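# Examining the three-dimensional arrangement
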Amino acid sequence: MNNMRMLAEEEENDDAAEVTWEDQQRINTFSKLNTRLRGIEEKLEELKQEKEALDDLSTELELTDEDQTVLYKIGESFLHLPQPRAMKRLEKDQAAITAQLSALAATAEECEKGMKELKVTLYAKFGRAINLDE
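Scoring rules and cut-offs
Residues numbered from 1 in each chain as written. Predicted model: local features only at pLDDT ≥ 70, side-chain atom pairs only at ≥ 80, totals over all residues. Heavy atoms only, no water. UniProt positions renumbered as here; feature names shortened; annotations may be inferred. Helix = DSSP H or I, 4+ residues; strand = E, 2+ residues; numbered from the N terminus. Buried < 20%, exposed > 50% of the residue type's maximum accessible area, 1.4 Å probe, protein only. Contact = heavy atoms within 4.5 Å. Areas by Shrake-Rupley, 256 points an atom, 1.4 Å probe, with all protein chains shown as cover. Pairing = 2+ DSSP bridges. Core = buried A, V, L, I, M, F, W, Y, C linked by side-chain atoms within 4.5 Å. Patch = residues over 30% accessible without salt bridge, like charges linked within 9 Å, V, L, I, M, F, W, Y side chains within 5 Å. Salt bridge = Lys/Arg side-chain N within 4 Å of Asp/Glu carboxyl O. Lys, Arg positive; Asp, Glu negative; His and termini not counted. Charge placed at Lys NZ, Arg CZ, Asp CG, Glu CD.

- An unreviewed UniProt entry lists the protein chain under the name Prefoldin subunit 4, with Hydnomerulius pinastri MD-312 given as the organism.
- Its UniProt record gives the protein chain a comment under Sequence similarities (unreviewed entry), which states: "Belongs to the prefoldin subunit beta family."
- One UniProt comment on the protein chain, placed under Subunit (unreviewed entry), says "Heterohexamer of two PFD-alpha type and four PFD-beta type subunits."

### A short note on the overall build of the protein chain
- Counting its regular elements, the protein chain contains two helices and two strands.
- Of the regular secondary structure in the protein chain, the N- to C-terminal order runs α-β-β-α.
- Burial statistics for the protein chain: of 134 residues in total, 24% are counted as buried.
- Summarising the internal contacts of the protein chain: among those between residues at least 6 apart in sequence, 62% fall at separations of at least 24.
- Accessible surface, the protein chain as shown: approximately 10,400 Å² in total, 50% of it carbon and sulfur.

### Remarks on the pairing of strand β1 (residues 69–74)
- Strand direction decides the pairing type here: β1 and strand β2 (residues 77–82), joined by six bridges, are antiparallel. Looking at β2, one finds that lysine 73 is bridged to phenylalanine 78.

### Comments concerning the nonpolar core
- Ranked by size, the top nonpolar core spans 25 residues in total, and within it Ile40, Leu61, Tyr72 and Ala86 carry the most contacts.
- In terms of residues, this core owes the most to one element, helix α2 (residues 83–126), which gives twelve residues.
- In this view, tyrosine 72 contacts Leu54, Leu57, Ser77, Phe78, Leu79, Leu81, Ala86, Arg89, Leu90 and Asp93; residues no more than four positions away in its chain are not counted.

### Examining a negative patch on the surface
- A contiguous patch of negative charge, built from Glu42, Glu45, Glu46 and Glu50, is present on the exposed surface.
- Relative to the helices and strands, glutamate 45 resides in helix α1 (residues 21–62).
- What makes glutamate 45 partly exposed here is its relative accessible area of 42%.

Below is the structure:
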C-alpha cells in the first residue's frame, strides 16, 4: 500500500523562487496576523453572544417593577440591586461591550488588510508554490 506517485510536470518546482530572509519574514508576519485574526474572531463571537444576552436582560428588566430588587451579575458574583440601578448598570455594560466590539472589528480589519497585502506580494513571487489560504 505505497501511496507514492510521480509529480506531474506542472507540479515540479524546478524553477521555484529562492526564499530569502525577507520572504521568510513576510511569511512569518502573515502567519502571526492569521493567528491573531482567528483569536479576534473567536473573541468577537463571544462578545456578540454576551451582547445578545445583555439585550435579552434589558427586555426582562424593563418588565420588572421599579421598586423590585433584582440579581445582577458583576464578574463572578450576583448582587441585589434596585431595578433602576440595575438598568443603569446594564446600559453601562452594553456600551462597554459595544465599544469592545468596535475596537476588535477595527483590529480584525487591520489584520485582514495586512494579510491581503502580504498575499499579493508572496503570491506574486511564489505563485502556486505557496498556499496562504485555509
